[in-house]
Number of protein chains: 4
Amino acid sequence: MSLFEAKLEKIELGAVEIRAPILQSTRQQHGFAHAGLTFALGDSAAGYSALSFMNQGNEVLTTEMKINLLRPGKGQYLIARGRVIKHGKTLVVAAADVFAEEYDTEELIATLLGTLIATNP
Amino acid sequence: MSLFEAKLEKIELGAVEIRAPILQSTRQQHGFAHAGLTFALGDSAAGYSALSFMNQGNEVLTTEMKINLLRPGKGQYLIARGRVIKHGKTLVVAAADVFAEEYDTEELIATLLGTLIATNP
Amino acid sequence: MSLFEAKLEKIELGAVEIRAPILQSTRQQHGFAHAGLTFALGDSAAGYSALSFMNQGNEVLTTEMKINLLRPGKGQYLIARGRVIKHGKTLVVAAADVFAEEYDTEELIATLLGTLIATNP
Amino acid sequence: MSLFEAKLEKIELGAVEIRAPILQSTRQQHGFAHAGLTFALGDSAAGYSALSFMNQGNEVLTTEMKINLLRPGKGQYLIARGRVIKHGKTLVVAAADVFAEEYDTEELIATLLGTLIATNP
């Protein structure tokens, strides 16, 4: 996340917000946020929301994640909001929405749905 | 891709190979390749394989992509191999496998399946 | 849908509800709703919600759909609620939640996220 | 599977084939195989291929499955071929391709990629 200068803005039980600038280095050829950045933020938001249900010291790994890219990531910032859909003993199903912030306007640019697994390090 | 020092190693009709070092900046907390890197390479390999079917000057955008993460990305390099499953007039379905290279051994660490759309810029 | 005795209970712009009994023939070995039924209802609810944005006479086809199965489908009925996430000129991204109804209680058993394409027959 | 008159044609370690007629009751409005049938066969083929790695008496449940629908299911039969991509202690990642058979010709109509979990009944 530090490569992208991403910041964890909010962390509540099952709901997380991550914010990152769309840097020159993470834009694609047309100047929009690269899909890799959008995925990384959405996946992290889903992961942290899963983690918010775990005991301290636990970790989560993504086992599968699907992203639907809806619009170009146009603006200055990306904001990813993760939420838990179901947390079981082993597996957590979580979702995330990613928004592009252009000046004062937010636009939904991607939605993710995936599975994370708890690991005891 | 330049952020990750990725190189397009091979490009044939419907089949592409991308190779990138696992840099210090793209490793996660345990020293393995970050899922964001694995996704970005796999997605790019799928995209370039779709592009290999297009007329020059065309572009492709990922509309949706799913990744199943199978093993930790352990080693010095990631190699992503993309292939086209079906190319239609508007949509291309493509897949990619991502391997971690540790010294002389390759191990499958992720598989991706998704849809790309042709855009005429 | 008639094979499953499914009924379209509600149809609003971008939001649809389908209800079907869990028949003896659509239960799996443990007596729960078969994943095929859960998928078919969720996919149909997503499809009808996409269709609600179209001009009359248009049709939609699913191009890709992902289902996360969360809990066994226990009870007498399945209820699938579809909603549109983004409708573009060609592609519609839609989601659906599937609930099992056991007497008076509803439980979320699956969530779907996918893409549909408009076709002019 | 009996509802669809499906038959398990071949079962080898990690590779399975299921065959089902496209019945009048499982065709959609244009006479092609319904997506629900295509999904159910592909999911079953993935599931049986996962099961072929398990000890006797074990069962598998699909936790998530994604289908990309490539072409209309035109013909007399559907054939689903499942294969295991990775089998771990808890989770199995498996894939399936579904073909429509029209007289003597097979055509790939869908591809699936998903995760199954072993359960000890």
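**So, the interface of chain A and chain D**
Then, in step 1: Taken together, the contact between chain A and chain D spans 6 residues of the former and 6 residues of the latter.
Then, in step 2: Contact between chain A and chain D buries roughly 430 Å² in total, counting both sides, with carbon and sulfur atoms accounting for 81%.
Then, in step 3: The largest per-residue losses of area from chain A upon contact with chain D belong to Glu64(A), Lys66(A) and Leu91(A), which jointly make up 63% of the total buried on that side.
Then, in step 4: The interface formed by chain A and chain D holds 0 salt bridges in total.
Then, in step 5: Linking chain A with chain D are 0 residue pairs in polar contact (both at pLDDT 80 or more).
Then, in step 6: The set of elements that each furnish at least two residues to the side of chain A that touches chain D consists of β3 (59–69) and β6 (105–119) of chain A.

**Re the relation of the copies chain A and chain D**
Then, in step 1: Laying chain A over chain D is done by rotating through 180° and shifting 0.0 Å along the axis; what remains is an RMSD of 0.0 Å. Taken together, the rotation and translation describe the operation of a two-fold axis.
Then, in step 2: Counting the interface residues of chain A, we find that 100% of their copies in chain D are interface residues as well, pointing to one common contact surface.

**Quick word on the packing of helix α1 (residues 35–51) of chain A against helix α1 (residues 35–51) of chain B**
Then, in step 1: At their nearest, the axes of α1(A) and α1(B) sit 9 Å apart, and the two run at 145° to each other. For the crossing formed where α1(A) meets α1(B), the hand is right-handed. Contacts between α1(A) and α1(B) pair Ala35(A), Gly36(A), Phe39(A), Ala40(A) and Asp43(A) from the former with Ala35(B), Gly36(B), Phe39(B), Ala40(B) and Asp43(B) from the latter.
Then, in step 2: A breakdown of the residues in the contact of α1(A) with α1(B) according to their chemical character gives 6 nonpolar, 2 polar and 2 charged.

**Here's the deal with the sheet that holds strand β1 (residues 7–12) of chain D**
Then, in step 1: On the basis of which strands lie adjacent, the open sheet formed by 12 strands has the order β1(C)-β2(C)-β4(C)-β5(C)-β6(C)-β3(C)-β3(D)-β6(D)-β5(D)-β4(D)-β2(D)-β1(D) and antiparallel pairing. Both outer strands of the open sheet, β1 (7–12) of chain C together with β1 of chain D, are each paired with one neighbouring strand and no more. On average, adjacent strands in this sheet sit at an angle of 20° to one another, irrespective of strand direction.
Then, in step 2: Here 10 bridges tie strand β3 (residues 59–69) of chain D to strand β6 (residues 105–119) of chain D, and the two strands are oriented antiparallel to one another. When the bridges of β6(D) are listed, Thr62(D) appears paired with Leu116(D).

**Remarks on helix α1 (residues 35–51) of chain C**
Then, in step 1: Helix length check: α1(C) (17 residues) gives 24 Å between terminal C-alpha atoms against 24 Å at 1.5 Å per residue, within 8%.
Then, in step 2: When you tally the buried positions in α1(C), you get 15 out of 17 residues, the bulk of the element.

**Focus: unusual backbone geometry**
Residue and element names in this part refer to chain D.
Then, in step 1: You will see that glutamate 5, though not glycine, has its phi angle at about 55°, which is positive.
Then, in step 2: Residue position: glutamate 5 is located in the segment before β1.
Then, in step 3: Even without glycine at this site, tyrosine 103 takes up a positive phi of about 55°.
Then, in step 4: Mapped onto the elements of the fold, tyrosine 103 is located in the loop between β5 (91–102) and β6.

**Some details on the interface of chain B and chain A**
Accessible area lost upon the coming together of the parts serves often as the stated size of an interface.
Then, in step 1: Each partner contributes residues to the interface: chain B has 20 residues there, and chain A has 20 residues.
Then, in step 2: On the chain B side of the interface with chain A, the three residues burying the most area are Leu3(B), Phe39(B) and Leu69(B), jointly 25% of the side's total.
Then, in step 3: Summed over the shared surface of chain B and chain A, the number is 0 salt bridges.
Then, in step 4: Our enumeration of links across chain B and chain A arrives at 6 residue pairs in polar contact (both at pLDDT 80 or more).
Then, in step 5: When residues of the side of chain B that touches chain A are traced back to their parent elements, those giving at least two are α1 and β3 (59–69) of chain B.
Then, in step 6: Counting residues per element, the side of chain B that touches chain A draws most heavily on β3(B), at 9 residues.

Quick notes on the rules
Residues numbered from 1 in each chain as written. Chains lettered and ligands numbered in written order. Predicted model: local features only at pLDDT ≥ 70, side-chain atom pairs only at ≥ 80, totals over all residues. Heavy atoms only, no water. Contact = heavy atoms within 4.5 Å. Buried area = accessible area lost by both parts, 1.4 Å probe. Salt bridge = Lys/Arg side-chain N within 4 Å of Asp/Glu carboxyl O. Polar contact = N/O pair within 3.5 Å; in protein donor to acceptor, adjacent residues only side chain to side chain. Helix = DSSP H or I, 4+ residues; strand = E, 2+ residues; numbered from the N terminus. Least-squares fit on C-alpha atoms with pLDDT ≥ 70 in both. Axes fitted to C-alpha atoms, helices over the stretch in contact; angles between N-to-C directions. Left-handed = near helix turned anticlockwise from the far one by under 90°. Nonpolar A, V, L, I, M, F, W, Y, C, P; charged D, E, K, R; others polar. Pairing = 2+ DSSP bridges. Expected span 1.5 Å × (residues − 1). Buried < 20%, exposed > 50% of the residue type's maximum accessible area, 1.4 Å probe, protein only.

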